[in-house]
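# Notes for the structure review
Given next are the chains, with one letter for each unit.
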Amino acid sequence: MSSSSAESILSRSLSLGRKKPVTRAAMMAKTDSNSYKSVKSLIRAIRNCKTAAEERDLISREAAEIRMALQNTSISRGKEKKRYRALAKLLCIQLLTAAHGGISVAFGQLDALKLMASPNFADKRLGHLGISLLLDSSQETLVLATNSFKSDLSGGMPSLPTLSSNGCSMYVTGLALTSLASLLTSGMAQELSTELLRLLNVPNAYILKKAVLAVLKMIRTLSDASLRQDGLYEMILERTRPLLSDRNHGVLLSSCALISELALRSVGTPIFLELKKLAPLLVRVLSSLLFSSSFPEYDVGGTTDPFLQVF
């Protein structure tokens, strides 16, 4: 064997025995592969736990991995897809542990806001679910979502069915209204009051019933002084009166709730006198429920829409 061939064999053997340095990118890739499992696999792993302690340990480790993964999404490829998977797992953990005090998942709030602002409908839907579960009306972080709410209420996604009146996507608008009905703050109510009142004129029952509930939340959030100063009582009453003649029972039920709240908030004012004039109309609506058989989709055991009648 020549000296040159011996040297080459020796160099190859040394290179095989030498460990390659672990780069930051490799460490991040390993972290991502561990963190971004599917929600289905997470649930399966939790169900396979033998004891409660093992289950808590698994959830704690997964939450820590999700936190690290969300921190790395800003410098990794496919970050929106990874953020979606990580947030879905985080919301699953929140739902599983909420009854037992839960674990801290507040670190996912900003990522939920980012998904909410995404142009992709699936991301936006998960973002709205995320802020509904991870935030409440007392947290200042919610103010960051005001522009996204305004865009969803008045904007649109061309790939989805649109409202006939203003062209915005009914499903995106519905997501925003559902979130606002539970999260609306006084500051957001003042910013979004125009958009909410505009949606009370939309000839779409899917949007109307959600818009009425969002306006109901707005009334409960704002002070009497703000409602009177901005003339919101009069504008809400003007737009709600025609809804009592709507054929959709979801719209009727939400409208009755809104009128009841208006009556409670406006006792002793001219608005209350205007609301009293609606009593005959409400009686006619109830009579139509009692004596009409034209609503088979609302029939429950021979009673037409008992929920609306009880209300």
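Residues numbered from 1 in each chain as written. Predicted model: local features only at pLDDT ≥ 70, side-chain atom pairs only at ≥ 80, totals over all residues. Heavy atoms only, no water.

### A word on the overall build of the chain
Within the chain, the secondary structure is distributed over 17 helices and 2 strands. Taking all 311 residues of the chain together, 41% fall into the buried category. (Helix = DSSP H or I, 4+ residues; strand = E, 2+ residues; numbered from the N terminus. Buried < 20%, exposed > 50% of the residue type's maximum accessible area, 1.4 Å probe, protein only.)

### Points about helix H6 (residues 109-116)
Of all the 8 residues making up H6, 6 are buried; the element is thus mostly covered by neighbouring parts of the structure. Taken together, the buried positions of H6 are occupied by Gln109, Asp111, Ala112, Leu113, Leu115 and Met116. The secondary structure elements touched by the buried residues of H6 are helix H4 (52-72), helix H5 (79-97), helix H7 (121-134) and helix H8 (146-154). (Contact = heavy atoms within 4.5 Å.)

### So, the pattern of salt bridges
By the definition in use, this model includes 9 salt bridges. Two residues, aspartate 57 and arginine 61, come together in a salt bridge whose shortest N-O distance is 3.1 Å. Highlighted residues: aspartate 57 and arginine 61, both in helix H4, separated by 4 residues, approximately one helical turn. Owing to a relative accessible area of 43%, aspartate 57 belongs among the partly exposed residues under this scheme. We note a salt bridge from lysine 277 to glutamate 274, for which the minimum N-O separation is 3.3 Å. Salt bridges sharing partners connect three or more residues here, namely Arg241, Glu274 and Lys277. (Salt bridge = Lys/Arg side-chain N within 4 Å of Asp/Glu carboxyl O.)

### Some thoughts on the environment of alanine 257
Looking at where alanine 257 falls in the secondary structure, it is placed in helix H14 (residues 249-265). Distance from alanine 257 to leucine 213, taken between C-alpha atoms, is 8.2 Å for residues 44 residues apart in sequence.

### Some points on the packing of H8 against helix H9 (residues 170-183)
Viewed as axis vectors pointing N to C, H8 and H9 meet at an angle of 135°, and their least axial separation amounts to 7 Å. Classified by the angle their axes make, H8 and H9 are oblique. Taken as a pair, H8 and H9 cross one another with a handedness that is left-handed. Counting all contacts with H8, which are made through Phe149, Asp152 and Leu153, the residues of H9 involved are Val172, Thr173, Ala176, Leu177, Ser179 and Leu180. Tallied by class, the residues present in the contact of H8 with H9 amount to 6 nonpolar, 2 polar and 1 charged. (Axes fitted to C-alpha atoms, helices over the stretch in contact; angles between N-to-C directions. Parallel < 35°, antiparallel > 145°, perpendicular 65-115°, else oblique. Left-handed = near helix turned anticlockwise from the far one by under 90°. Nonpolar A, V, L, I, M, F, W, Y, C, P; charged D, E, K, R; others polar.)

### Side note on the packing of H8 against helix H10 (residues 186-199)
In the contact formed by H8 and H10, the axes pass within 10 Å of each other and the chain directions differ by 5°. Relative to H10, the element H8 is oriented roughly parallel. Along the contact surface, H8 presents Thr146, Phe149, Lys150, Leu153 and Ser154, while H10 presents Met188, Glu191, Leu192, Glu195, Leu196, Arg198 and Leu199. Considered class by class, the residues forming the contact of H8 with H10 number 6 nonpolar, 2 polar and 4 charged.

### Concerning the nonpolar core
One finds Phe149, Leu196, Met218 and Ile236 to be the most contacted residues of the largest nonpolar core, which totals 68 residues. At 9 residues, helix H11 (residues 205-221) tops the list of elements feeding residues into this core. Both of domain 1 (36-136) and domain 2 (146-154 + 169-277) provide at least three residues apiece to this core. When neighbours within four sequence positions are excluded, methionine 218 is seen to be in contact with Leu184, Ala189, Ser193, Leu196, Leu197 and Ile236. (Core = buried A, V, L, I, M, F, W, Y, C linked by side-chain atoms within 4.5 Å. Domains from an automatic or database assignment.)

### Notes on the packing of aromatic side chains
All told, the structure shown has 1 aromatic pair when counted by the stated rule. For the pair tyrosine 171 and tyrosine 206, a centre-to-centre distance of 5.7 Å together with 70° between the ring planes defines the contact as edge-to-face. With tyrosine 171 in helix H9 and tyrosine 206 in helix H11, this residue pair connects regions lying 35 residues apart in the sequence. Classification of tyrosine 206 as partly exposed rests on a relative accessible area of 29%. It is lysine 210 that lies over the ring of tyrosine 206; its NZ or CZ is 5.1 Å from the centre. (Phe/Tyr/Trp six-rings, centres within 6.5 Å; stacked < 30°, edge-to-face > 60°. Lys NZ or Arg CZ within 6 Å of the ring centre and 35° of its normal.)

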